[in-house]
Amino acid sequence: MKFLDQAKVYVRSGNGGAGCVSFRREKYIEYGGPDGGDGGKGGDVIVECVDGLNTLIDYRYKQHFKAETGIHGMGRNRTGAHGKDVVLKVPVGTQILEEDNETLIADLTELGQRVVLMKGGNGGFGNAHFKSSVNQAPRRANPGLEGEEKWIWLRLKLIADAGLVGLPNAGKSTFLATVSAAKPKIADYPFTTLHPNLGIVQIDGNSFAMADIPGLIEGAHEGTGLGDRFLGHVERTRVLLHLVDGSGEEDPGEAYRVVRGELEAYGGGLTDKPEIVALSKCDALTDDLIAEQSASLEAACGQKPLILSSASGLNVDRALRMIVRGIDKDKEDAANQVPAPEQEGWHP
């Protein structure tokens with residue numbers, strides 16, 4: 001299944017049914033009178049958060065969604081049926097935005113959450129509604145009210161507890177594949193990851209979701225490389241694991257500053273999240289080179305980095321335990337509104 005995290009769709013609620021002008025005319029009934037029924041209400045446009053979806057790919061092939069029109073009223077005081085609602089089923093973490101792609105309408109973060117995006121038009125009154133002592137034979141009825149219509153954007157932001165960030169080929173996909181059952185594409189060339197991956201990690205009886213996004217390069221906020229739009233998938237995370245390739249040609253300190261600069265340019269509170277900094281791929285380095293690269297990274301981030309190797313398993317469990325502590329601490333701080341204390345390997 002292809003991954004799609006943004007889609008533009010047209011939605012329209014149903015028109016209300018028209019009221020009916022009718023009179024009761026039956027043999028042997030002297031006073032028939034008006035008996036025109038009201039029109040039915042038009043269908044609503046509803047967005048529902050459902051289980052079993054992790055992409056918006058369904059909205060790539062169908063972009064128009066229209067609710068049904070209410071049935072017109074009929075004689076014998078028969079009210080028209082309501083038009084059927086149209087329900088857009090989306091995965092957890094979907095945001096609904098106006099056509100300008102900036103104004104937020106709703107943010108669906110819980111399973112089963114439903115939002116009535118647009119209400120259908122009310123049905124018109126039939127002539128029986130207008131009957132009175134001074135107007136016993138009204139010959140008018142109301143048309144149904146028209147529904148609403150507009151274009152909206154659906155934007156998916158994955159729900160994850162921890163996120164992986166770093167330059168391309170920093171070892172993010174390898175780390176995710178090592179600690180979870182996810183099977184992201186892994187290769188020795190940049191931009192192997194073209195779309196976010198999500199994995200469930202278990203350590204010491206604890207379980208949490210981890211998101212891996214495509215690598216960032218300098219100028220990503222201006223559209224260079226794959227851009228920075230995928231950073232939206234780590235906006236909801238509680239902890240970031242920042243991997244810096246220790247075996248690359250680029251200086252680790254400079255690599256760290258590039259990614260932090262892109263996070264700051266994107267915004268969304270990413271630079272305020274607790275961050276674990278790790279020097280990855282250390283199985284390919286000598287002890288002297290590890291010390292040199294670690295010193296460069298520590299000078300850039302201001303914290304002692306974690307020495308990590310997904311291939312050999314070096315400090316992988318330690319990194320996961322730090323993530324679990326960070327998640328628990330963030331939940332506690334969110335409940336108590338108390339800032340988290342600084343710890344080794346964390347960047348405030």
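Please read all numbers here as calculations on a predicted model, not as lab measurements.

*Asks:* Teacher, can you tell me more about the confidence of the model for the protein here?
*Replies:* Fine structural detail should not be taken from predicted coordinates in areas where pLDDT scores are low. With 95% of its residues at a pLDDT of 70 or more, the protein shows a mean pLDDT of 90. Within the model, the stretch residues 343-348 combines pLDDT values under 50 with 29 contacts to residues more than four positions away or in other chains.

*Asks:* Would you mind going over the packing of aromatic side chains with me for this structure?
*Replies:* The full count for this structure, using the stated rule, is three aromatic pairs. Between Phe-125 and Phe-130 the ring centres are 6.4 Å apart and the planes differ by 80°, which places this aromatic pair in the edge-to-face class. By relative accessible area, Phe-125 is classed as partly exposed at 35%. Its guanidinium or amino end placed over the ring of Trp-151, Lys-8 lies 5.5 Å from that ring's centre, counting from NZ or CZ. Here the basic side chain of Arg-140 rests over the ring of Phe-130, its NZ or CZ set 3.8 Å away from the ring centre.

*Asks:* Sorry, what's going on with the sheet that holds strand 2 (residues 45-49) here?
*Replies:* What holds strands together in a sheet is hydrogen bonding between their backbones, with the strands either parallel or antiparallel. Pairing within the open sheet is mixed, and its three strands lie in the order 4-2-7. The open sheet terminates on both sides in strands that have one partner only, identified here as strand 4 (86-90) and strand 7 (114-118). Adjacent strand axes in the sheet meet at a mean angle of 25° when their direction is disregarded. Pairing geometry for strand 2 and strand 7, over four bridges, is antiparallel. The residue bridging Val-47 from the neighbouring strand is Val-115, located in strand 7.

*Asks:* Got a minute to help me understand the pattern of salt bridges in this structure?
*Replies:* Oppositely charged side chains are able to pair whenever their charged atoms sit close together. In the structure shown here, the tally under the stated rule is 13 salt bridges. Two residues, Arg-321 and Asp-204, come together in a salt bridge whose shortest N-O distance is 2.6 Å. A residue pair is termed long-range when its members are at least 10 positions apart, and Arg-321 in helix 5 (residues 316-336) and Asp-204 in the loop between strand 10 (197-203) and strand 11 (206-212) qualify at 117 residues.

*Asks:* Looking at this model, I keep getting lost on unusual backbone geometry. Mind explaining?
*Replies:* Trans is the prevailing form of peptide bonds, just as negative phi is the prevailing case for residues other than glycine. Within the chain, Asn-77 stands out as a residue other than glycine whose phi angle is a positive 60°. Inspection of the secondary structure puts Asn-77 in the loop between strand 3 (64-66) and strand 4. On the accessibility criterion, Asn-77 (49% relative accessible area) is partly exposed. If you check the backbone angles, Asn-101 has positive phi at about 65° while not being a glycine. By secondary structure assignment, the location of Asn-101 is in the loop between strand 5 (94-97) and strand 6 (104-108).

*Asks:* Teacher, can you tell me more about the packing of helix 3 (residues 252-266) against helix 4 (residues 287-301) here?
*Replies:* Think of two packed helices as two axes; the pair is described by the angle between the axes and how far apart they sit. Interhelical geometry of helix 3 versus helix 4 gives an angle of 35° and a closest axis separation of 7 Å. The two elements helix 3 and helix 4 meet at a crossing, and its hand is right-handed. Contacts from Pro-252, Gly-253, Tyr-256 and Arg-257 in helix 3 reach Gln-293, Ser-296, Leu-297, Ala-300 and Cys-301 in helix 4. Split by residue class, the contact of helix 3 with helix 4 holds five nonpolar, three polar and one charged.

*Asks:* How should I be thinking about the side chain of Gln-95 in this particular structure?
*Replies:* Within the secondary structure layout, Gln-95 lies in strand 5. Gln-95 gets classed as buried once you look at its relative accessible area, which sits at 9%. Within the local environment of Gln-95, its side chain forms a polar contact with the side chain of Lys-157, the two groups lying 3.5 Å apart. Setting aside residues up to four positions removed in sequence, Gln-95 forms contacts with Leu-104, Ala-106, Asp-107, Trp-153, Leu-154, Arg-155, Lys-157 and Arg-236.

The rules behind the values
- Residues numbered from 1 in each chain as written.
- Predicted model: local features only at pLDDT ≥ 70, side-chain atom pairs only at ≥ 80, totals over all residues.
- Heavy atoms only, no water.
- pLDDT = per-residue confidence, 0-100.
- Contact = heavy atoms within 4.5 Å.
- Phe/Tyr/Trp six-rings, centres within 6.5 Å; stacked < 30°, edge-to-face > 60°.
- Buried < 20%, exposed > 50% of the residue type's maximum accessible area, 1.4 Å probe, protein only.
- Lys NZ or Arg CZ within 6 Å of the ring centre and 35° of its normal.
- Pairing = 2+ DSSP bridges.
- Helix = DSSP H or I, 4+ residues; strand = E, 2+ residues; numbered from the N terminus.
- Axes fitted to C-alpha atoms, helices over the stretch in contact; angles between N-to-C directions.
- Salt bridge = Lys/Arg side-chain N within 4 Å of Asp/Glu carboxyl O.
- Left-handed = near helix turned anticlockwise from the far one by under 90°.
- Nonpolar A, V, L, I, M, F, W, Y, C, P; charged D, E, K, R; others polar.
- Polar contact = N/O pair within 3.5 Å; in protein donor to acceptor, adjacent residues only side chain to side chain.

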